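Overview (structure and organization)
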Amino acid sequence: MHQMDRVTILKLGGSAITDKARECTPDIPAIQHMADQLSDYDRPLVLIHGGGSYAHPFVTRSGIGGGLRDRSQLSSISETEFYLGQLTRIICASLLWRNKLPVPLHPMSFATLDKGRVKKIMLDPIRKSLGAGLIPLLHGDLVFDESRGIGVLSGDRIASLIGSRLGASRVLFGCDVDGVYSANPKGFLNATLIPEVTSENFRVALHASRSPSGDATGGMGEKVRQALRLAKNGCECYVFNLRGKNSLRKILDGDGVVGTRFVAWKRARTSLRQSLQKA
Ligand code: ATP
């Protein structure tokens, strides 16, 4: 099976495609630049967008990330779904405008949790869309939890889950910083970029990103954990700056060094065609 046939998973980080300081505010130039760079990309692709300022404020304020405790939280579930749908539509529009064909798939409709862990997930719609030549567009979402009522399934977790199940060739985590640094680059000006994470130095990346995050989904620490999970299973990952000029194109084309590369620990064997055959 040729490498070309295997799917690429691209997480569009909420930190890059929204203004995290202002509720429900898209970063239109960042979204347009992302769509421009995808306009001539013709290989199998799954897109997953983060919630950014369209989800984190509502989830954090209502506490629904920790489960459903009383009826007053219900309106936050409806609101979060409504706003996430708005962001999905903006991304869809930017892609359709460039003749790319996304299909929005909402994890709340095809996955469930139990005690915060994925209990069930139906991948057929993703496989079928890929098989038809469409671009499945998923997002970090609120998902029903059998024990807690509701929970958060982060875009980073979805990326690693789908990446493993579909036998992705690579998973790309785009965000608003150039990669994983020795400390949060927004607070520590002396922080240095970690260019490569391997089975030898992975503890450094884990340690560097473990600072607490105000987010509903665990910030850089969660991204590093999910990237490591994938790398251990043989899937190469990148954490990179989606706002950087042409950085997405460079990674897609394998052209130059961009961001932090998580080197695969062993080779993956599942091809997209094999995954599609299971559908
Ligand atoms: P979303 O969950 O909305 O999709 P995202 O995945 O794009 O968001 P965040 O979860 O906000 O992004 O994580 C990126 C942020 O992590 C950066 O803006 C940066 O400030 C912070 N961060 C913390 N520690 C580090 C580190 N060691 N290296 C790089 N960034 C770090």
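Up top you'll find the structure we're talking about.
Read on for a plain summary of the structure. Residues take numbers from 1 onward in each chain, read along the sequence in its written order. Given that this is a predicted model, residues contribute local features only at a pLDDT of at least 70 and side-chain atom pairs are listed and counted only at 80 or more, while totals for whole chains, interfaces and linings are drawn from all residues. Remark: hydrogens and water are excluded; side-chain values derive from all non-hydrogen atoms of the structure.

**Points about the overall build of the chain**
The secondary structure content of the chain amounts to 10 helices and 12 strands. Computation of the radius of gyration draws on C-alpha atoms, with the globule rule given as 2.2 Å multiplied by the number of residues to the power 0.38. Relative to its length of 279 residues, the chain is compact, with a C-alpha radius of gyration of 18 Å against a globular reference of 19 Å. Here the C-alpha coordinates of the chain stretch approximately 50 × 50 × 35 Å along the principal axes. Per-residue accessibility, obtained with a 1.4 Å probe over protein chains only, is compared with the maximum for each type, and a residue is labelled buried under 20%, exposed over 50%, and partly exposed between these values. Burial statistics for the chain: of 279 residues in total, 52% are counted as buried. Between two residues, a contact is recorded if the distance between any of their heavy atoms is within 4.5 Å. When contacts within the chain are restricted to residue pairs at least 6 apart in sequence, long-range pairs at least 24 apart make up 76% of them. Accessibility throughout is a Shrake-Rupley quantity obtained with a 1.4 Å probe, and a residue counts as covered only by protein chains that appear here. Just so you have it, the chain exposes about 13100 Å², and 50% of that area is on carbon and sulfur atoms. Computing the positive centroid from 38 side-chain charges and the negative centroid from 25, the chain places the two 5 Å apart. For the purposes of this entry, the term helix denotes a DSSP run of H or I that reaches at least four residues, the term strand denotes a run of E that reaches at least two, and both are numbered from the N terminus. When charges are counted, Lys and Arg contribute as positive and Asp and Glu as negative, whereas His and the chain ends are disregarded. Charge coordinates come from a single atom per side chain, which is NZ of Lys, CZ of Arg, CG of Asp or CD of Glu.

**Comments concerning the site of the ligand**
In this text, near means that some heavy atom of the residue lies within 4 Å of the molecule or strand in question. What surrounds the ligand is a group of 27 residues, the closest being Gly-14, Ser-15, Asp-176, Lys-186 and Lys-223. Residues adjacent in sequence count toward polar contacts only when both atoms are side-chain atoms; beyond that, a polar contact is any pair of N or O atoms within 3.5 Å, and within protein one must be able to donate a hydrogen and the other to accept it. Between the ligand and Gly-52 there is a distance of 2.9 Å, counted from an oxygen atom to a backbone nitrogen or oxygen. Lys-223 has a polar side-chain atom sitting 2.3 Å from an oxygen atom of the ligand. For the ligand, the accessible surface in isolation is 640 Å², of which the surrounding protein chains cover 93%. Counting only elements with at least two residues in the shell around the ligand, the list comes to helix 1 (14-17) and helix 8 (219-232). Here the shell around the ligand takes three residues from helix 8, the largest share from any one element.

**Side note on the packing of helix 6 (residues 155-165) against helix 8**
One can describe the packing of helix 6 onto helix 8 by two numbers: an axis separation of 9 Å at closest approach and a directional angle of 5°. The angle between helix 6 and helix 8 places the two elements in the roughly parallel class. Contacts between helix 6 and helix 8 pair Asp-156, Arg-157, Ala-159, Ser-160, Gly-163 and Ser-164 from the former with Gly-219, Glu-222, Lys-223, Gln-226, Arg-229 and Leu-230 from the latter. Only the contacting stretch of a helix is used when fitting its axis, a line to C-alpha atoms as for every element, and angles between N-to-C directions run 0 to 180 degrees. Roughly parallel covers angles under 35 degrees, roughly antiparallel covers those over 145, roughly perpendicular covers 65 to 115, and oblique covers all other angles.

**A few points about the pairing of strand 5 (residues 117-121)**
Whether two strands pair comes down to DSSP finding at least two bridges between them. With four bridges connecting them, strand 4 (residues 111-114) and strand 5 associate as antiparallel partners. Each residue of the ladder has a partner; that of Leu-113, found in strand 5, is Val-118. Once strand 4 ends, the chain turns through two residues before running back antiparallel as strand 5, passing Lys-115 with a positive phi of about 50°.

**Side note on the side chain of Ser-53**
Residue position: Ser-53 is located in the loop between strand 2 (45-49) and helix 3 (56-62). Note on Ser-53: relative accessible area 1%, which makes it buried. In this structure, Ser-53 is in contact with Thr-18, Asp-19, Lys-20, Arg-22, Glu-23, Cys-24, Thr-25 and Phe-58, ignoring residues within four places of it in sequence.

**Notes on the pairing of strand 9 (residues 170-175)**
For strand 9, the buried fraction is high: six of the six residues fall into the buried class. Neither face of strand 9 is left uncovered, since the one carrying Arg-170, Leu-172 and Gly-174 and the one carrying Val-171, Phe-173 and Cys-175 both have all their residues buried.

**Considerations on the pattern of salt bridges**
Any two side chains of opposite charge can pair, given that their charged atoms come close. Put simply, a salt bridge is a Lys or Arg side-chain nitrogen that is within 4 Å of an Asp or Glu carboxyl oxygen. Enumeration according to the criterion identifies 13 salt bridges in this entry. Lys-100 is the salt-bridge partner of Asp-42, the closest N and O atoms lying 3.3 Å from each other. With a gap of 58 residues between them, Asp-42 in the loop between helix 2 (28-38) and strand 2 and Lys-100 in the loop between helix 4 (74-96) and strand 3 (102-104) connect regions that are remote in the sequence. A relative accessible area of 69% places Asp-42 in the exposed class. Relative accessible area serves as the criterion here: at 8%, Lys-100 is assigned to the buried category. Put simply, Glu-236 and Arg-261 hold a salt bridge, and the shortest N to O gap is 2.8 Å. Separated by 25 residues along the polypeptide, Glu-236 in strand 11 (residues 236-241) and Arg-261 in strand 12 (residues 260-262) bring together distant segments of the chain.

**A look at the packing of helix 2 against helix 4**
Closest axis-to-axis distance for the helix 2/helix 4 pair is 9 Å, and the angle between their directions is 45°. Judged by the inter-axis angle, helix 2 sits oblique to helix 4. Considering only the axes of helix 2 and helix 4, their crossing is right-handed. Contacts between helix 2 and helix 4 involve Ile-28, Ile-31, Gln-32, Met-34, Ala-35 and Leu-38 on the former and, on the latter, Leu-87, Ile-90, Ile-91, Ser-94 and Leu-95. Each residue is assigned to one of three groups, with Ala, Val, Leu, Ile, Met, Phe, Trp, Tyr, Cys and Pro labelled nonpolar, Asp, Glu, Lys and Arg labelled charged, and all others, Gly among them, labelled polar. Of the residues contributing to the contact of helix 2 with helix 4, the split by class is nine nonpolar, two polar and no charged. Take the far helix as your reference; a near helix turned counterclockwise from it by less than a right angle gives a left-handed crossing, and one turned clockwise gives a right-handed crossing.

Treat this as a map of the structure, not an account of what it does.
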